[in-house]
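This is what each chain is made of:
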Amino acid sequence: MAKIPVIIDTDPGIDDLMMLLVAITHENLDVRLITTVAGNQTQDLTHQNAVNFVNYLGKNVRVARGLEKPIFKELETAADFHGETGTGPVEFPNVEIEFSEKAIDAMRDVIMTSDEPVTIVTGGPLTNIAALMLAHPEVKSNIRKISIMGGAATGGNVIPTAEFNMYVDPDAAEIVFRSGVPIILSSLDVTRQAYLTNEELEEIKEIGTDLSDKVYDMLKFYQEAAVGTPFHEPYFEEVVRLHDVCAVAYVIDPMLFSGNFYYVTIERGASVTSGTTVVDYVDALGMPPNAYVLYDVNRDSLVDLFIEAIHKV
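Residues numbered from 1 in each chain as written. Predicted model: local features only at pLDDT ≥ 70, side-chain atom pairs only at ≥ 80, totals over all residues. Heavy atoms only, no water.

Peer 1: When you look at the pairing of strand β6 (residues 143–149) in this model, what are you seeing that I'm missing?
Peer 2: The side chains of a regular strand alternate, first on one face of the sheet and then on the other. Of all seven residues in β6, six are buried; the element is thus mostly enclosed. Summarising the sheet, strand β5 (residues 118–122) and β6 pair through five bridges and their orientation is parallel. For Val121, the partnering residue across the bridge sits in β6 and is Ser147. Of the strand pairs in this sheet, β6 and strand β7 (residues 183–186) are connected by four bridges, and their pairing is parallel. Bridge assignment links Met149 to a residue of β7, and that residue is Ser186. (Buried < 20%, exposed > 50% of the residue type's maximum accessible area, 1.4 Å probe, protein only. Helix = DSSP H or I, 4+ residues; strand = E, 2+ residues; numbered from the N terminus. Pairing = 2+ DSSP bridges.)

Peer 1: Looking at this structure, how should I read helix α7 (residues 170–177)?
Peer 2: Each full turn of the α-helix corresponds to 3.6 residues, which orients residues three or four apart in the same direction. Of all eight residues in α7, seven are buried, a share of seventy percent or more. The set of residues buried in α7 consists of Pro170, Asp171, Ala172, Ala173, Glu174, Val176 and Phe177.

Peer 1: I keep staring at the pairing of strand β1 (residues 4–10) and nothing clicks. Help me out?
Peer 2: Most of β1 is tucked away: seven of the seven residues are buried. Neither face of β1 is exposed, since Ile4, Val6, Ile8 and Thr10 on one face and Pro5, Ile7 and Asp9 on the opposite face are all buried. In terms of strand pairing, β1 meets strand β2 (residues 29–36) through seven bridges, oriented parallel. Bridge pairing in β2 links Asp9 to Thr35. Remark: the β1/helix α1 (residues 14–25)/β2 crossover connection has right-handed handedness. (Right-handed = clockwise from strand over helix to strand, strands pointing away.)

Peer 1: How should the environment of Asp217 be read in this particular structure?
Peer 2: Tracing the sequence through the fold places Asp217 in helix α10 (residues 210–226). The spatial distance from the C-alpha of Asp217 to the C-alpha of Ile307 is 15 Å, given a sequence separation of 90 residues. If we skip the residues at most four places from it in the chain, Asp217 touches Pro89 and Val90. (Contact = heavy atoms within 4.5 Å.)

Peer 1: How should the packing of helix α11 (residues 245–252) against helix α12 (residues 299–311) be read in this particular structure?
Peer 2: Any two packed helices are characterised by how steeply their axes cross, that is the angle between the axes, and by the distance between the axes. Orientation of α11 relative to α12, taken along the N-to-C sense of each, is 95°, at an axis distance of 11 Å. One finds that α11 runs roughly perpendicular with respect to α12. For the pair α11 and α12, contact is made by Val245, Cys246, Ala249 and Ile252 and by Leu302, Leu305 and Phe306, respectively. (Axes fitted to C-alpha atoms, helices over the stretch in contact; angles between N-to-C directions. Parallel < 35°, antiparallel > 145°, perpendicular 65-115°, else oblique.)

Peer 1: Looking at this structure, I do not really get the packing of aromatic side chains. What am I missing?
Peer 2: For any two aromatic rings, the description comes down to two numbers: the centre-to-centre distance and the angle of the planes. Per the stated rule, a full pass over the model turns up seven aromatic pairs. Here the aromatic rings of Phe53 and Phe92 are separated by 5.4 Å at their centres, their planes lie at 80°, and the arrangement is edge-to-face. Here Phe53, found in helix α2 (residues 43–56), pairs with Phe92, found in the loop between α3 (79–82) and β4 (101–102); they are 39 residues apart in sequence, far enough to count as distant. For the pair Phe53 and Phe92, one class covers both residues: buried. (Phe/Tyr/Trp six-rings, centres within 6.5 Å; stacked < 30°, edge-to-face > 60°.)

Peer 1: It is not clear to me how the environment of Lys312 should be interpreted in this structure. Could you clarify?
Peer 2: Mapped onto the elements, Lys312 comes out in the segment after α12. Residues Lys312 and Leu21, 291 residues apart in the sequence, show an inter-C-alpha distance of 9.6 Å. Those residues in contact with Lys312 that sit more than four places away from it in its chain are Thr25, His26 and Glu27.

Peer 1: Help me understand a nonpolar patch on the surface, please; the structure alone is not making it clear to me.
Peer 2: On the surface, Val278, Leu285 and Met287 cluster together into a nonpolar patch covering about 250 Å² of accessible area. With relative accessibility at 49%, the residue Leu285 sits in the partly exposed group. (Patch = residues over 30% accessible without salt bridge, like charges linked within 9 Å, V, L, I, M, F, W, Y side chains within 5 Å. Areas by Shrake-Rupley, 256 points an atom, 1.4 Å probe, with all protein chains shown as cover. Salt bridge = Lys/Arg side-chain N within 4 Å of Asp/Glu carboxyl O.)

Peer 1: What should I look at first to understand the sheet that holds β4 in this one?
Peer 2: Adjacent strands of a sheet pair through backbone hydrogen bonds, lying either parallel or antiparallel. Spatially, the nine strands line up as an open sheet ordered β4-β3-β2-β1-β5-β6-β7-β13-β10, and their pairing is mixed. Edge positions in the open sheet fall to β4 and β10 (257–262), since each of these has one partner strand only.

Peer 1: Looking at this model, I keep getting lost on a negative patch on the surface. Mind explaining?
Peer 2: On the surface, Glu199, Glu202, Glu203, Glu206 and Glu238 cluster together to form a negatively charged patch. Mapped onto the elements of the fold, Glu199 is located in helix α9 (residues 198–206). (Lys, Arg positive; Asp, Glu negative; His and termini not counted. Charge placed at Lys NZ, Arg CZ, Asp CG, Glu CD.)

Peer 1: Please explain the nonpolar core as it appears in this structure.
Peer 2: Proteins that are soluble and globular tend to have nonpolar side chains buried together. Membership of the largest hydrophobic core comes to 62 residues, with the highest contact counts inside it found for Ile34, Leu219, Phe257 and Phe306. Among the elements that take part in this core, α1 stands out by supplying nine residues, more than any other. Ranked by size, the runner-up nonpolar core spans 35 residues in total, among them Met107, Leu126, Val181 and Val279. (Core = buried A, V, L, I, M, F, W, Y, C linked by side-chain atoms within 4.5 Å.)

Everything listed is a geometric property; what it means functionally is a separate question.
Structure representation (structure tokens):
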């Protein structure tokens, strides 16, 4: 089977590192570029975390530095959930960065020089992807699809109606959804079903490698950080979500998911609903669908996929 050429745009962040782990180690994916975006932490930290993690895994993947802040808004991070550095209590060997490619230039280079269409997978705010579309609209013809983790149709995790990635940069999200490029959306409506139980977390720890120990420690921090917060999800003490893993898992095996085509738009006004993902389930707006919205996942198979990735390192 020919490998799928992929660009990962990410803001590591604990669940982003889980997504990178699955993507970089999977035999069906050719990860040609990782670009970092400010979101879960500042650009300085997300970029350093990506570089450190790729080096820790012993992989030779280009990592390019994206934009420092959302298009119009001031940056709001999720340090409470990901820790002061973005990796919870875990430290990876630090790599000194002497030079970083610019993400927009690097993405254009990878896309336009690829012999086949490239798939983009995103786990953070869509700032870099929107900037790419605006600066280099010619890339659209060689993008197969964009698999996005973000949004929420039935309840947010940062304000009552908005998910974090869309909330941080709603203007960028709307640009991407209007781009005309095929979009797969893994919103909270499906990623809340993509979880590890405490028993499965213990199984990961029992693998007994340095990586499995680090994964366990990061995910326990991520789990415990949510307990008692205003948007504490039910039963969080018993499970931990693998939100961003869904976006790359769909690319690996679409049959793990169920979904349907809908028109999606993002609320950008300065109001209590800023960043809300509007999924037109009832065709009230009369607009043609612009995204394939996922709503169900085979959790057991997703967990197997994730744990297999840990065993490969």
